[in-house]
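Listed below are the residues making up each chain.
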Amino acid sequence: MSQALTDSLLIELFTEELPPKALARLGDAFAQGLFAGLSERGLVDDGATVTPFATPRRLAALVSGVRRNAPDRELREKVLPLSVALDANGEPTAPLAKKLAALARTVGVESIDWQSLERASDGKAEAFFFRYTARGAELTAGLQAALDDTIARLPIPKVMSYQRPDGTTVNFVRPAHRLIALHGADVVPVTALGLAAGNTTIGHRFLSQGEIAVPHATQYAAVLESAGKVLASYAQRRERIREDLLRAAGADRVIMPDALLDEVNSLVEWPVVYPCHFEETFLAVPQECLILTMQTNQKYFALTDDAGNLRNRFLIVSNLATDTPESIVSGNERVVRPRLADAKFFFDQDRKKTLASRVPQLANVVYHNKIGTQLDRVQRLQQIAGHIADALAGAGMAVDKAAAMRGAELAKADLLTDMVGEFPELQGTMGTYYARNDDEAEDVALACSEHYRPRFAGDALPGNTVSLAVALADKLETLVGIWGIGLQPTGEKDPFALRRHALGILRMLIETPLPLSIDDLLALTERAFAGVPAVKPARAEITEFLYDRVRGYLKDKGYTTNEVEAVVSLRPQRLDDIMGRMEAVRTFAALPEAAALAAANKRITNILRKNTEAIGPVAPALFQEDAESALHAAIERVRPGVEAAFAGGDFTGALRDLAQLREAVDRFFDGVMVMADDAALRANRLALLSSLHALANRVADISKLAA
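Residues numbered from 1 in each chain as written. Predicted model: local features only at pLDDT ≥ 70, side-chain atom pairs only at ≥ 80, totals over all residues. Heavy atoms only, no water.

## So, the sheet that holds strand S17 (residues 301–304)
In step 1: An order of S15-S17-S18-S16 is seen for the four strands of this open sheet, with the pairing classed as antiparallel. What marks the edges here is a single partner per strand, and that holds for strand S15 (253–254) and strand S16 (272–277).
In step 2: The pairing of S17 with strand S18 (residues 310–318) spans three bridges and is classified as antiparallel. Counterpart to Thr-304 in the pairing with S18 is Leu-310. (Pairing = 2+ DSSP bridges. Helix = DSSP H or I, 4+ residues; strand = E, 2+ residues; numbered from the N terminus.)

As C-alpha cells, then:
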C-alpha cells in the first residue's frame, strides 16, 4: 500500500436506475455530504475541493487533498464548576471523580489527577478545565463515519427496501451493487449498504462489457468515459446534450426548458441526439398542445423556426450510439404519432362546443367547499372585473367594460375541455384558442389566457386593459377569498400561492401603471363575497401583507431599506407613481442638505408624536423669535413650488425645493424652545412644525432617511 499522506479520494455507489427527477439533488448532496463529513473530522487540506458525479446508475464524488490521518488537536474541555467539583473542605467530590473517569476513557488514559486540572472562569463562575491532545482521525474510520452520515441524510424522495444475496434487508433509494473507495490507488476498506469497497465499477449498460478497474482516484472520469462509455459528470453531460441539440437543430430553434434538459440528462449516460419527424397535418393543432405532448409524454425536444412556429421535426436524446440509428428514429416517430393524434382528437372534439355553453357546467366543479363552485367564482370575477373597468374608465383609461365582464365569464370555461383535462398546464391557453374559434372579440379571447399573468417572477403582464381587469379580479378574488376563510400564508407554507397573487397585483398596479386605490380594490372584492358567510373581512391584514410585498419588490429593484421605508411608511393607496417617488427619494438623499433635513424631520416627528393636543393654524402674530418668522417665511416661500411639483408628479422637484429649507430649519432648532411654558406660544410653535412636517412628507417620510 502507498504511504502517501495526502491524495485524492474517490467514492462511488453503483446502483440500479435512480429516479431522474431527483438525480441532480442526490448527486450534489452525496458529494457535499462526504466533503463536509471529511472536513469535520480534519481529513481534508485547506483548499481541498469536491467534484460531484451523477449518472442514472451511480453517485460519486472526488475529493482532492484528503489526508491519511488527520492532525492531532489540542483541546480544552470544561469539567465542572468548582462549586460542584469540590466540597466545603476543598476535597474532590463524587461527581468530579465520575466525570474524570469518563474523560479518561474518552482520552484513552488510565486516570486523570484532579490536581492537574486548570482553574479558570467560564464567564459565570470558576471551573475546572482539562487540556489534552486528541489523536487525529484515521482515514478509514473517518470516511466510514462520513459515508454513513451522508447516506443517512440523502434527500431520497421515496425509500425502498430490498434484500442482499445474504438475506439482509437494506433501505435505500434503489438497490446498490458496488462500492468504490480509493485513496489515490489504494482501496479504503469501508462498507456501505452491505457492500465492501473495491476499485471496480460497471460502464454503460450496452456500450461497455464487464468490470472496469479504476487504477487511481483521479482517473475515474477518464476511465469511465474511455472504457465505460459513461460521462460521469452531471454538468458535463448536460452541456454535451445542450450543444448537440443546438448542432442538430441547424437553422431551427430548440425548445429546451431546464426541467426537461435536467430530466433527459438524468436518463442517459452516453447521450446521442437524433432528429425525427411527424406528419405535417398535426401542425393544425395548437402548437402548445403538440409541444407539451412531446415534452411531457416522450421527453422530446420540439423545434421552431425563427418566428416561433413549430416545425414537424423534433429531436430525441438517446442513450445508445450507433451508426445505423434508423430503427431508433422510426421507433420514436411511431411512438409519438398516437400521442399527437390524441391531441388532435381532443382539439377537434372541444371545438364542437362553445366556451359559453360550458360556463353553466362550472356549477359542478368545486372551487373550495367554503367558498363555492367555479361558477360562483366566475360570477364574482365578473362583478369585480366590471368595477375595475369602471374605475379605469373613470381615471381616463380606455377599457371596454362589457368585454372585461365577458372575459371574466369565459375565463375558467376551458377547465371543462378534454385538452385541459389531459394537460392542466394548458388552462387559459386553450381558452384563448377556443374563444377565437367561437368568434369572441380578440380582447376577450386574450383575457382567457392573460388573466393568469404574471404566473411567476419576471413573467409578462397582461397586454391590454380587458386582460388587466380580469387578471386583477382573478388575483384579488383569490387573495381576499382564501385569506377570508383563514388560509393565509404561514411561514414557508403558502398552498394557494397568495404571495404570488399579491405580487402579481402589485406588479400590474406599478408597472402598467394603473391609477387604482388598494383600499378601493379590496373593498369592491369584499363586496363580491357579501353572500359568502365563511369569508370574513380581513382588509387590514391583507393591506399589510401587500405593503410587505411592496417592500420586497422595491428592495429587489435595488433600493435601500431606508429609501423603501421613506415611501412605504406613508401607505400610499395608489402605486402607479411609487417608482417616481423612489427615484425622488434617492435623488434627495444625495443632496448635501438631505442628512440635516432628515434628522430634523425625525426630531419633528418625535415631538409631534408626544404632543397629541389639537393643533390649530399658525399665528404669525405670536412669533417671538426671528428664527420662527424666518422658518414660517421660508415654508410659505417654497410651498407653492412644492405643491405644484407634487401635483404634476415631479416628486424629485418637490423634494429638491424642500432642500431650500435647511438653513431656516437649523436656525429654528438652534434658537427656539418649542416646548415653551406659555401654552399659546407652545401650541403655535407646534403648529409651525406641523405645517413643515405636512409639507415635507408629501412625497415620502424623509425622517426614515436619517441614520
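From this point, the discussion proceeds with the structure in view.
## Focus: unusual backbone geometry
In step 1: Look at the link from Arg-453 to Pro-454: it is a cis peptide, with omega at -15°.
In step 2: Tracing the backbone through its elements, the reader meets Pro-454 in the loop between helix H15 (442–450) and helix H16 (465–484).
In step 3: Omega for the peptide link from Thr-512 to Pro-513 comes to -20°, which places this bond in the cis form.
In step 4: Relative to the helices and strands, Pro-513 is located in the loop between helix H17 (498–511) and helix H18 (518–528).
In step 5: Positive phi, close to 50°, is recorded for Lys-229, a residue that is not glycine.
In step 6: Positionally, Lys-229 belongs in the loop between helix H5 (220–228) and helix H6 (234–249).

## Regarding the nonpolar core
Across soluble globular proteins, you tend to see nonpolar side chains buried next to one another.
In step 1: Met-294, Ile-388, Met-419 and Leu-554 are the most contacted members of the largest nonpolar core, which totals 145 residues.
In step 2: Discounting chain neighbours no more than four positions away, the residues touching Ile-388 are Ala-469, Leu-472, Ala-473, Leu-476, Leu-516 and Leu-521.
In step 3: In terms of nonpolar packing, the next biggest core, distinct from the first, is built from 42 residues, Ile-11, Leu-18, Ala-181 and Ala-192 among them. (Core = buried A, V, L, I, M, F, W, Y, C linked by side-chain atoms within 4.5 Å. Buried < 20%, exposed > 50% of the residue type's maximum accessible area, 1.4 Å probe, protein only. Contact = heavy atoms within 4.5 Å.)

## Notes on the side chain of Thr-293
In step 1: Within the fold, Thr-293 resides in helix H8 (residues 287–298).
In step 2: Using a relative accessible area of 0% as the deciding quantity, one classes Thr-293 as buried.
In step 3: In terms of polar contacts, Thr-293 uses its side chain to reach the backbone carbonyl oxygen of Cys-289, at 2.8 Å. (Polar contact = N/O pair within 3.5 Å; in protein donor to acceptor, adjacent residues only side chain to side chain.)

## Comments concerning the sheet that holds strand S5 (residues 118–121)
In step 1: Spatially, S4-S6-S5 is the arrangement adopted by the three strands of the open sheet, whose pairing is antiparallel. Edge positions in the sheet fall to strand S4 (73–81) and S5, since each has one partner strand and no second. The mean inter-strand angle of the sheet, taken between neighbouring strand axes irrespective of direction, is 40°.
In step 2: Bridge analysis of S4 against strand S6 (residues 126–134) gives seven bridges, and the strand direction is antiparallel. From the neighbouring strand, Glu-77 faces S6, where its bridge partner is Phe-130.
In step 3: Contacts from helix H3 (residues 94–107) reach S4 and S6 within the one sheet, and its direction differs from that of S4 by about 165°. (Axes fitted to C-alpha atoms, helices over the stretch in contact; angles between N-to-C directions.)

## Some thoughts on the packing of helix H23 (residues 626–647) against helix H25 (residues 662–671)
In step 1: Where H23 contacts H25, the two axes come as close as 9 Å, and the packing angle between them is 155°. The angle between the axes of H23 and H25 places the two elements in the roughly antiparallel class. Helix-helix and strand crossings are classified by hand; for H23 and H25 the assignment is left-handed. For the pair formed by H23 and H25, the contact residues are Asp-626, Ala-627, Glu-628, Ala-630, Leu-631 and Ala-634 on the first element and Ala-664, Val-665, Arg-667 and Phe-668 on the second.
In step 2: For the contact of H23 with H25, the residue count by class is seven nonpolar, no polar and three charged. (Parallel < 35°, antiparallel > 145°, perpendicular 65-115°, else oblique. Left-handed = near helix turned anticlockwise from the far one by under 90°. Nonpolar A, V, L, I, M, F, W, Y, C, P; charged D, E, K, R; others polar.)

## Regarding H15
In step 1: Taken as a whole, H15 has its buried residues at Val-444, Ala-445, Ala-447, Cys-448, Ser-449 and Glu-450.
In step 2: Residues of H15 that are buried in the fold lie against helix H10 (355–358), helix H12 (401–410), helix H14 (429–437) and H16.

## Description of H14
In step 1: Within H14, the full set of buried residues consists of Thr-429, Met-430, Gly-431, Thr-432, Tyr-434 and Ala-435.
In step 2: Tucked inside the fold, the buried residues of H14 contact H8, helix H9 (326–350), H10, helix H13 (418–422) and H15.
In step 3: One or two positions beyond H14, positive phi appears at Asp-439, with a value near 65°.

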